[in-house]
Amino acid sequence: MLRSMLLAAGWMIIITLAGCAGGGAGDDDDDAVATPTPATAIDADGDGYTSDEDCNEQDPEIHPGATEICDQVDNNCNSQTDEGFPTETYYPDQDGDTFGDSDGEVSACSAPDGYVTRGDDCDDTNADVNPTAVEVACNGVDENCSGMDDDHPDRDGDGYDICESDVAGSDGLEIDCDDTVGKTHPGAAESCDERDNDCDGDVDEDLPLNTYYLDADGDLHGTPDETIEACGPPAGYVSNADDCDDDNSTTFEGAPETLADNIDSNCNGYADWLITVSATGDPGYAGDGGPVSEASFNEPHGLAIDRAGNIYVADTGNHVIRKIDTDGTVTTIAGTGNADFFDGIGTSAAFDTPTGLACDGLNLYIADTGNHRIRKYDPRTELITTVAGSETQGYGGDGGFAMNAQLSAPQGVAITTTQDLYIADTGNHVIRMVSPMANPAATPIIETIAGNGSAGYDGDGGPASDAVLNAPAGITVDTNGTIFFADTGNHVIREIERGSIRRYAGTYESSGYDSFDEGTTATYASLDSPTAITLNTSKVVFFCDTGNNRVRQVTADVAEGYVLWTVAGNGETVDDTGAAGAARSVALDSPQGLVIDGDGNLWIADTGHGWIRMLIP
């Protein structure tokens, strides 16, 4: 048995050796070595491609047939990288400052790691050096890669830079202490500008000094209390010292004065201050040829001013017209001193209780109340003539010659720049107009423009000719032809504009005074028998609130419309001295005359006291 097994094994060895001798079965390539049977192929990354087909068995996104993307990888195993994508040039950025070195450029469809799109870094080993870096002067480094001499700038072009002379590249001159101003450098002339122009450490040295005054409120007017010596005005200082209140920007010398605020806005030493111009004492008739401070008047009413600045006074109780010259001298220019009627020259003419006055700049118009006429005084000839009214008191003559008309105790008169004459025909309860006064060859015609001749109150908002008035007194006209008049018996101020009438101030239902009316809408306020009325250049209306012993004003207000204030008078009448004082603290007695002079002073006929007073704003 053993022998049989050994024989079989031997034959197997022989057969095997015979096969290895070449050309035997299983030798596919005839190399005398049998080809081994292949093992099963493996797909390690699960992308459907085995290792004998896949060029990367660790990434399932990489295999034959994959879509090529721009990632510097052969995604589709075709031995090409990023084929089909447009390429750009990228530069190595060694120092990480986002600016690359132009010497190491590569082309790729996207930036490889450590590469950037800009290749203009002049030192890729220093992140502080690149085209956007801030240049540090005087250190020998071109931080911003400009290739220029940034280390030694002369920004203002004055020939001086800012580096020490021993720094490489310096211009060798002294250091420029301000390289932003061309007139500032070593050796420059010192000028008065609060700069160290010559770089010697001193400012404005060796220049002449002046005195400047603090302007705390910014109105360009300084206070004399705080000064500084300098060659030119420092910030917040000015060269004048005419501010009397440096905490109020509306208060300085020459500022517009506002009445009724008790503030000395124009720094003239008066805060709405009322002084007595004529002499104190009992009313009388004295002082002609002397100073007004020594003159006496008797119930003065109307006031007027001519273009030369002379003030005219209707000295009613003395039946004369008097003039206060610009030098303060008083003279009687018309009237005999007795109640009578005569046309004539100056003091040979006679009046009876003259009240209202108006001046066209030259000629004076007089409401000769007791004679029921309007008279005219021509200062060139001193001639007094009658321009309206006749010897008969009454109401008539409309449409006819003014001198033939009938008037009744007129108390107010106004003349316009076009020489239209307006009359407050008091006893007839109407406003009348005489025109044309400007044509000496024509005979003036008279017409009624407001009131129906009966006493009462009606017509606001309608035609003035249909309105009802009650004893109108003072009257004035603005430059636009708007008429303002005191409807005395109705205790209101009324306005006529383009033929329509309306109430301007006062309530008409009642008379009196209420302190709550101060600063309120004018048509809500109570008045008492207003008389004289005038306007200033700003068209502020001033009037005598006669029964309340006050002078009041109406001003435009953005929020309230037209607002009423008292500007003079405390409502009392007792005043034995006429002493000066704050205007709203001084007693007046039935004031009935007003006029404003060229300086803005308000002249008041303090009728009951017999004084002429002046409110200095």
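Residues numbered from 1 in each chain as written. Predicted model: local features only at pLDDT ≥ 70, side-chain atom pairs only at ≥ 80, totals over all residues. Heavy atoms only, no water.

> I would appreciate a short explanation of the state of the cysteines in the present structure.
Disulfides are covalent bonds that link the sulfur atoms of two cysteine residues. Here the structure, examined in full by the defined rule, presents six disulfides. Across the disulfide, C177 is cross-linked to C199 (sulfur-sulfur distance 2.0 Å). In this structure, the disulfide formed by C177 and C199 twists by about -80° around the S-S bond and is classed as left-handed. One end of the pair, C177, is in the loop between β3 (115-116) and β4 (210-214); the other, C199, is in the loop between β3 and β4, and 22 residues separate them in sequence. Residue C177 is classed as partly exposed on the basis of its relative accessible area, which comes to 43%. In this model, C244 is linked to C267 through a disulfide, with the two sulfur atoms separated by 2.1 Å. Residues C244 and C267 share a disulfide whose torsion about the S-S bond is about -80°; that sign makes it left-handed. (Disulfide = S-S within 2.5 Å. Helix = DSSP H or I, 4+ residues; strand = E, 2+ residues; numbered from the N terminus. Buried < 20%, exposed > 50% of the residue type's maximum accessible area, 1.4 Å probe, protein only.)

> Teacher, can you tell me more about the pairing of strand β11 (residues 330-334) here?
In regular strands, side chains alternate between the two faces of the sheet. Along β11, four of the five residues are buried, which leaves the element largely enclosed by surrounding structure. The sheet contact formed by strand β10 (residues 320-324) and β11 spans four bridges and is antiparallel. Along β11, the bridge assignment pairs K323 with T331. What sits between β10 and β11 in their antiparallel hairpin is a turn of five residues, with G328 showing a positive phi close to 90°. (Pairing = 2+ DSSP bridges.)

> Is there a simple way to think about the pattern of salt bridges in this case?
Tallied over the entire structure, the rule returns 18 salt bridges. When the shortest N-O distance is used, the salt bridge between D120 and R118 registers 2.5 Å. Judged by its relative accessible area of 34%, D120 is partly exposed. Here the residues in one salt-bridge network are D288, D315 and R322, joined through shared partners. (Salt bridge = Lys/Arg side-chain N within 4 Å of Asp/Glu carboxyl O.)

> Quick question: what am I supposed to make of the side chain of D82 here?
Relative to the assigned elements, D82 resides in the loop between α1 (2-20) and β1 (88-92). An unpaired buried charge is present at D82: no salt bridge exists, and R118, the closest side chain of opposite charge, is 23 Å distant. At a separation of 2.9 Å, a polar atom in the side chain of D82 contacts the main-chain amide nitrogen of Q72. Not counting the four nearest positions on each side in its chain, D82 is found in contact with E68, I69, C70, D71, Q72, V73 and C109. (Lys, Arg positive; Asp, Glu negative; His and termini not counted. Polar contact = N/O pair within 3.5 Å; in protein donor to acceptor, adjacent residues only side chain to side chain. Contact = heavy atoms within 4.5 Å.)

> Please explain the side chain of E57 as it appears in this structure.
Residue position: E57 is located in the loop between α1 and β1. Despite its burial, E57 remains without a salt bridge, the nearest opposite charge being carried by R118 at 43 Å. Reaching out from E57, the side chain makes a polar contact with the backbone nitrogen of A44 at a distance of 2.3 Å. In contact with E57, not counting residues within four places along its chain, are I42, D43, A44, D45, D47, Y49, T50 and S51.

> Hey, could you run me through the sheet that holds strand β14 (residues 364-368) in this one?
Paired through their backbone hydrogen bonds, the strands of a sheet run either parallel or antiparallel. Taking strand neighbours across the sheet as the criterion, the five strands line up as β12-β16-β15-β14-β13 in an open arrangement whose pairing is antiparallel. Whereas interior strands pair on both sides, the edge strands pair on one side only; in this sheet they are β12 (344-345) and β13 (354-359). Sheet topology note: the β13/β14 ladder contains four bridges and is antiparallel. Within β14, the position partnered with A358 by the bridge is Y365.

> When you look at the pairing of strand β26 (residues 541-545) in this model, what are you seeing that I'm missing?
Burial analysis of β26 places five of its five residues in the buried class, which makes it a mostly covered element. Residues V541, F543 and D545 line one face of β26 and the alternating positions F542 and C544 line the opposite face, and both faces are buried. Bridge count for strand β25 (residues 533-535) against β26 is three bridges, and the pairing is antiparallel. Within the sheet, the bridge partner assigned to T534 lies in β26 and is F542. The hairpin turn running from β25 into β26, its antiparallel successor, is five residues long, and K539 in that turn takes a positive phi close to 65°.

> Explain the confidence of the model for the chain to me, please; I cannot follow it from the model alone.
Low pLDDT means the predicted atomic positions in that stretch should not be read closely. Overall, the predicted model of the chain reaches an average pLDDT of 88, with 90% of residues at or above 70. A low-confidence stretch, residues 1-26 (pLDDT under 50), is modelled with seven contacts involving residues beyond four sequence positions or located in other chains. Per-residue pLDDT stays below 50 along residues 33-39; that stretch engages in seven contacts with residues further than four places along the chain or on separate chains. (pLDDT = per-residue confidence, 0-100.)

> When you look at the sheet that holds strand β30 (residues 593-596) in this model, what are you seeing that I'm missing?
Across the sheet, five strands lie side by side as β29-β7-β32-β31-β30; this open sheet has antiparallel pairing. Unpaired on one side and paired on the other, β29 (581-582) and β30 mark the two borders of the sheet. Where strand β7 (residues 273-276) meets strand β32 (residues 611-616), four bridges bridge the pair, whose relative direction is antiparallel. Counterpart to W273 in the pairing with β32 is I616.

> What's the story with the environment of A402 in this structure? I'm lost.
Within the secondary structure, A402 sits in the loop between β16 (383-388) and β17 (412-415). Each C-alpha atom, one on A402 and one on T386, is 9.4 Å from the other, the two residues being 16 residues apart in sequence.

> Even after reading the chapter, I still don't get unusual backbone geometry, so can you show me in this structure?
In terms of backbone geometry, most residues other than glycine have negative phi values and most peptide bonds are trans. Of note in this structure, T98 is not a glycine but carries a positive phi near 70°. Position of T98 among the secondary structure elements: in the loop between β1 and β2 (106-108). What makes T98 partly exposed here is its relative accessible area of 49%. Positive phi, normally seen in glycine, also occurs at A409, with a value near 50°. Structurally, A409 can be placed in the loop between β16 and β17.

> Looking at this structure, how should I read the nonpolar core?
Burial of nonpolar side chains together is a common tendency in soluble globular proteins. Counting 18 residues, the largest nonpolar core has F542, V551, V567, A568, L594, L602 and L615 as the members making the most contacts within it. Looking at this core, the elements that each hand over two or more residues are β26, β28 (561-568), β30 and β31 (602-606). Ignoring sequence-local partners within four residues, the contact set of V551 consists of F543, C544, T566, V567, A568, L588, P591, L594, L602 and I604. I374, A402, V413 and V434 belong to the second-largest nonpolar core, a separate cluster that totals 16 residues. (Core = buried A, V, L, I, M, F, W, Y, C linked by side-chain atoms within 4.5 Å.)

> Looking at this model, I keep getting lost on the packing of aromatic side chains. Mind explaining?
The geometry of an aromatic ring pair comes down to the distance between the two centres and the angle between the two planes. Inspection of the entire model under this criterion finds three aromatic pairs. Taken together, a centroid distance of 3.9 Å and an interplanar angle of 15° make the contact between Y457 and Y508 stacked. A residue pair is termed long-range when its members are at least 10 positions apart, and Y457 in the loop between β20 (445-450) and β21 (475-477) and Y508 in the loop between β24 (500-505) and β25 qualify at 51 residues. On the numbers, 5.1 Å between centres and 50° between planes, the contact of Y504 with Y562 is tilted. Here Y504 is found in strand β24, whereas its partner Y562 is found in strand β28, with 58 residues between them in sequence. With a relative accessible area of 4%, Y504 lands in the buried category. (Phe/Tyr/Trp six-rings, centres within 6.5 Å; stacked < 30°, edge-to-face > 60°.)

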